[in-house]
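Analysis of the macromolecular model
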Amino acid sequence: MISENQDILWRLTDVAFGYNGTSVLETINLELRRGYSYGILGPNGSGKTTLLDLMGGLLTPDRGTIDFLDQPLPSWTKKKLAQKLALVPQEFTVRFGYPVREVVEMGLHPHLHRFAAPNEQDQTIIDEALRLTGISHLAKRPVTRLSGGEKQRVAVARALAQKPQVLLLDEATSNLDIHHSLEILHLIRSRFEKQGLQVVAVMHDLNLASFFCDQLIFLKQGKIICQGPTREVLTPENIKQVYGVEAEVRPNPFTNCRQVSFRLPMTP
Ligand code: ADP
């Protein structure tokens, strides 16, 4: 029986990882707690996806330890982990042309007995996931015949059907237009606020992160530069240090959160 510390989702201690001997993440120490939505930010290649993949158990650290819900990640079986944790990858690839509905249904598999068909309640969950992500009209379409943005919405729908406690999102809205981005982020935010779905999201857009995340973690060249409450760490100084651009951060009454404007540093 897996015991669960209800408060701490992940604890990463001295985690290091590299691909083929090339170091990508160095000495990562992190504690992610229940009750906050987390954003992982940083320039291209800073190690965000790698960090998320380590947290999702897709990669194994070269050094250090990762605990999920108070248990070492390697002690979780794949099925038990999938009952708690869903990952929406940056690139959602399904090689065969399964209909969208079947792909969403795959999200239920960790909860079904082997060979069991989804029951009526499961069908309702699938219908709801399709509806909430705005893809009901695509239910019969082969997933290979969708646009990048439509595929991303299928990936989110599949993750929701998985009924996870925790959702890992890897730039899950990067292919979406602003309307669909906001819709998906609002949907996930409302699951977080109303149903306690915990979220850790790699995000590209600082303004969307400001709206969506309570806590930010800034990475640069495989190291954590700063982390903390969004309103404390989303500062011009940190943005300059991490991205090398000048920024202005102001509260915006229209969006009701702090918004960032950028420019390249002025040359003398
Ligand atoms: P980010 O998500 O911040 O853009 P990544 O975690 O994807 O960064 O990548 C970090 C570094 O690791 C980059 O230099 C990238 O080229 C390298 N990298 C990512 N995936 C692989 C891989 N499968 N094999 C080798 N190098 C990789």
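A few points on the structure. (Residues numbered from 1 in each chain as written. Predicted model: local features only at pLDDT ≥ 70, side-chain atom pairs only at ≥ 80, totals over all residues. Heavy atoms only, no water.)

**As for the overall build of the chain**
- Each helix and strand counted, the chain has nine helices and twelve strands in total.
- Its C-alpha radius of gyration of 19 Å places the chain within 12% of the 18 Å reference for a compact globule of 268 residues.
- Out of the 268 residues in the chain, the part that is buried amounts to 48%.
- Restricting the contact set of the chain to residue pairs at least 6 apart, pairs at least 24 apart contribute 63%.
- Within the structure as shown, the chain displays about 14000 Å² of accessible surface, and the carbon and sulfur contribution to it stands at 50%.
- Charge separation in the chain, taken as the distance between the mean sites of 30 positive and 28 negative side-chain charges, equals 3 Å. (Helix = DSSP H or I, 4+ residues; strand = E, 2+ residues; numbered from the N terminus. Rg over C-alpha atoms; globule rule 2.2 N^0.38 Å. Buried < 20%, exposed > 50% of the residue type's maximum accessible area, 1.4 Å probe, protein only. Contact = heavy atoms within 4.5 Å. Areas by Shrake-Rupley, 256 points an atom, 1.4 Å probe, with all protein chains shown as cover. Lys, Arg positive; Asp, Glu negative; His and termini not counted. Charge placed at Lys NZ, Arg CZ, Asp CG, Glu CD.)

**What to know about the nonpolar core**
- Core analysis: the largest hydrophobic core is formed by 54 residues, its most contacted members being Val104, Val154, Leu169, Met203, Phe212 and Phe218.
- A per-element tally of this core places helix α5 (residues 148–161) first, with seven residues.
- With near-sequence residues (within four places) excluded, Val104 lies in contact with Ile126, Ala129, Leu130, Val154, Ala157, Arg158 and Ala161.
- With 29 residues, the next largest nonpolar core counts Leu12, Phe17, Leu85 and Val202 among its residues. (Core = buried A, V, L, I, M, F, W, Y, C linked by side-chain atoms within 4.5 Å.)

**Observations regarding the site of the ligand**
- Near the ligand you find Tyr19, Val24, Pro43, Asn44, Gly45, Ser46, Gly47, Lys48, Thr49 and Thr50, and these make up its full shell.
- In the model, an oxygen atom of the ligand is placed 2.7 Å from a nitrogen or oxygen of the Gly45 main chain.
- For the ligand, the protein covers 54% of the area, taking 560 Å² as the surface of the free molecule.
- Top element by residues in the shell around the ligand is helix α1 (residues 48–55). It accounts for three residues. (Near = heavy atom within 4 Å. Polar contact = N/O pair within 3.5 Å; in protein donor to acceptor, adjacent residues only side chain to side chain.)

**A few points about the pairing of strand β2 (residues 22–33)**
- Pairing geometry for strand β1 (residues 8–19) and β2, over eight bridges, is antiparallel. Looking at the pairing, Gly18 lines up with Ser23 of β2.
- Hairpin connection from β1 to β2: two residues lie between these consecutive antiparallel strands, with Asn20 at a positive phi of about 50 degrees. (Pairing = 2+ DSSP bridges.)

**So, the side chain of Glu171**
- Locating Glu171 in the fold gives a position in the loop between β7 (166–170) and α6 (178–195).
- For the buried Glu171, which has no salt bridge, the nearest side chain bearing the opposite charge is Lys48, at an N-O separation of 4.7 Å.
- If we ignore the near neighbours within four places in the chain, the residues touching Glu171 are Lys48, Gln90, Gln152, Val202 and His204. (Salt bridge = Lys/Arg side-chain N within 4 Å of Asp/Glu carboxyl O.)

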